[in-house]
Amino acid sequence: LMAIHESGCIGIGIALTAPDGTLHVHSATAGSVTADVNADEVVIEGSDHVGVSILSPDSRAGALYFGNPTDNLSAFLEWLRSTNTLTLGTHTTSGEIKLSVGVNSEAMRIDSNGNVGVAQSNPAYKLDVTGNFHVLSTDNVSGYFASSTNSAWISIKDDGHSAYGCLIGSDSDNAVTFKVADNSGNVLMAIHESGCIGIGIALTAPDGTMHITTASAGSVAASTFADDLIIENSTVVGMSLLCNNGG
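What counts, and where the lines are drawn
Residues numbered from 1 in each chain as written. Predicted model: local features only at pLDDT ≥ 70, side-chain atom pairs only at ≥ 80, totals over all residues. Heavy atoms only, no water. Helix = DSSP H or I, 4+ residues; strand = E, 2+ residues; numbered from the N terminus. Rg over C-alpha atoms; globule rule 2.2 N^0.38 Å. Buried < 20%, exposed > 50% of the residue type's maximum accessible area, 1.4 Å probe, protein only. Contact = heavy atoms within 4.5 Å. Areas by Shrake-Rupley, 256 points an atom, 1.4 Å probe, with all protein chains shown as cover. Lys, Arg positive; Asp, Glu negative; His and termini not counted. Charge placed at Lys NZ, Arg CZ, Asp CG, Glu CD. Pairing = 2+ DSSP bridges. Axes fitted to C-alpha atoms, helices over the stretch in contact; angles between N-to-C directions. 1 Å grid on protein atoms, 1.4 Å probe; cavity = no way out; pocket = protein on both sides within 12 Å on 5 of 7 lines; lining within 4 Å. Points joined across faces, edges and corners; volume = space filled by probe spheres on them. Nonpolar A, V, L, I, M, F, W, Y, C, P; charged D, E, K, R; others polar.

Across its full length, the protein holds zero helices and 18 strands. The globule rule puts the C-alpha radius of gyration for 247 residues at 18 Å, and the 33 Å found for the protein is more than 25% above it. Dimensions along the principal axes, computed over C-alpha positions, put the protein at roughly 100 × 50 × 40 Å. Counting every position in the protein, which comprises 247 residues, the buried fraction comes to 19%. Put simply, 4% of the contacts in the protein that link residues at least 6 apart link residues at least 24 apart. In the form shown here, the protein has an accessible surface area of approximately 18,100 Å², with 56% of it arising from carbon and sulfur atoms. Where the 7 positive side-chain charges of the protein centre and where its 25 negative ones centre are 6 Å apart.

Our focus in this paragraph is the sheet that holds strand β10 (residues 116-118). With mixed pairing, four strands are arranged side by side in an open sheet as β8-β9-β10-β11. The open sheet is flanked by β8 (97-101) and β11 (127-129), the only strands paired with a single partner. For this sheet the average axis-to-axis angle between neighbouring strands, irrespective of direction, equals 20°. Bridging between β10 and β11 involves three bridges; their strand directions are parallel. Bridge pairing in β11 links V116 to L127.

Okay, the layout of surface pockets next. Estimates place the volume of the largest pocket at around 990 Å³. Lining the largest pocket are 17 residues; nearest its centre among them are L127, D128, V129, F133 and S155. Elements represented by at least two residues in the lining of the largest pocket include exactly β11 and β12 (151-157). A total of four residues in the lining of the largest pocket trace back to one element, the largest contributor, which is β12. When the residues that make up the lining of the largest pocket are grouped by side-chain class, the tally is nine nonpolar, four polar and four charged. Taken as a whole, the second largest pocket encloses approximately 170 Å³ of empty space. In terms of lining, the second largest pocket is formed by F145, A146, S147, A152, W153, I154, I168, G169, S170, T177 and F178. Of all the elements in the fold, those that place two or more residues in the lining of the second largest pocket are β12, β13 (165-171) and β14 (176-182). The residue makeup of the lining of the second largest pocket, split by class, is seven nonpolar, four polar and no charged.

A word on the environment of S56. Mapped onto the fold, S56 is located in the loop between β4 (42-45) and β5 (62-66). Once you skip the residues sitting within four places of it in the chain, S56 turns out to touch A61 and G62.

Right, here's the structure in full:
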């Protein structure tokens with residue numbers, strides 16, 4: 001039933017065969033395999049499903065703690081039935097959680113600030129993704145973006161050229177449903193809640209259905225009889241119609 005070998009290793013259910021580790025619990029052979037030397041203090045072996053159970057009362061946690069000389073509780077895996085919570089965590093100020101796939105290839109990391117990196121080992125944002133991503137929704141809305149202020153932006157830029165890019169968003173303070181700005185936040189186009197479009201007019205409400213502004217013409221507004229298209233400038237202003245020679 002049990003054997004203590006001259007090496008000091010203990011085998012339970014392993015008859016007289018040398019245990020694979022310090023404690024080897026054996027119900028049947030798993031085949032031609034031995035435990036890795038980096039994890040052979042406790043070896044549990046069987047020929048069918050094999051596992052370890054941690055049983056605790058409903059009001060008490062069952063846990064695995066990881067420690068070292070610096071801190072006897074550095075990380076843990078804990079289940080608490082009363083809150084239906086499984087917690088995987090660290091217990092040190094700079095602790096991080098890494099998920100690996102393949103041959104120990106990092107796929108995701110949660111850093112000590114709570115930032116999540118996908119294919120990104122040093123995430124700078126709450127969600128930092130390197131590579132493409134796909135969102136599939138079961139309704140008509142595929143994603144929600146919200147801001148704690150009345151103006152919300154999404155930044156789009158070339159990672160290699162921080163000076164170039166654009167911002168798209170909305171602004172409830174100025175009744176703007178949709179706006180596009182340059183990388184510095186200067187609004188280039190805005191669609192207001194009225195449906196009117198302003199180009200170069202920043203966040204001021206357009207005078208008509210489409211209002212194109214290079215600069216202010218002064219204290220003047222278009223007549224309501226001719227406000228479907230408005231072109232405004234502080235100097236000479238005009239519109240060109242261009243066609244090829246056969247037009």
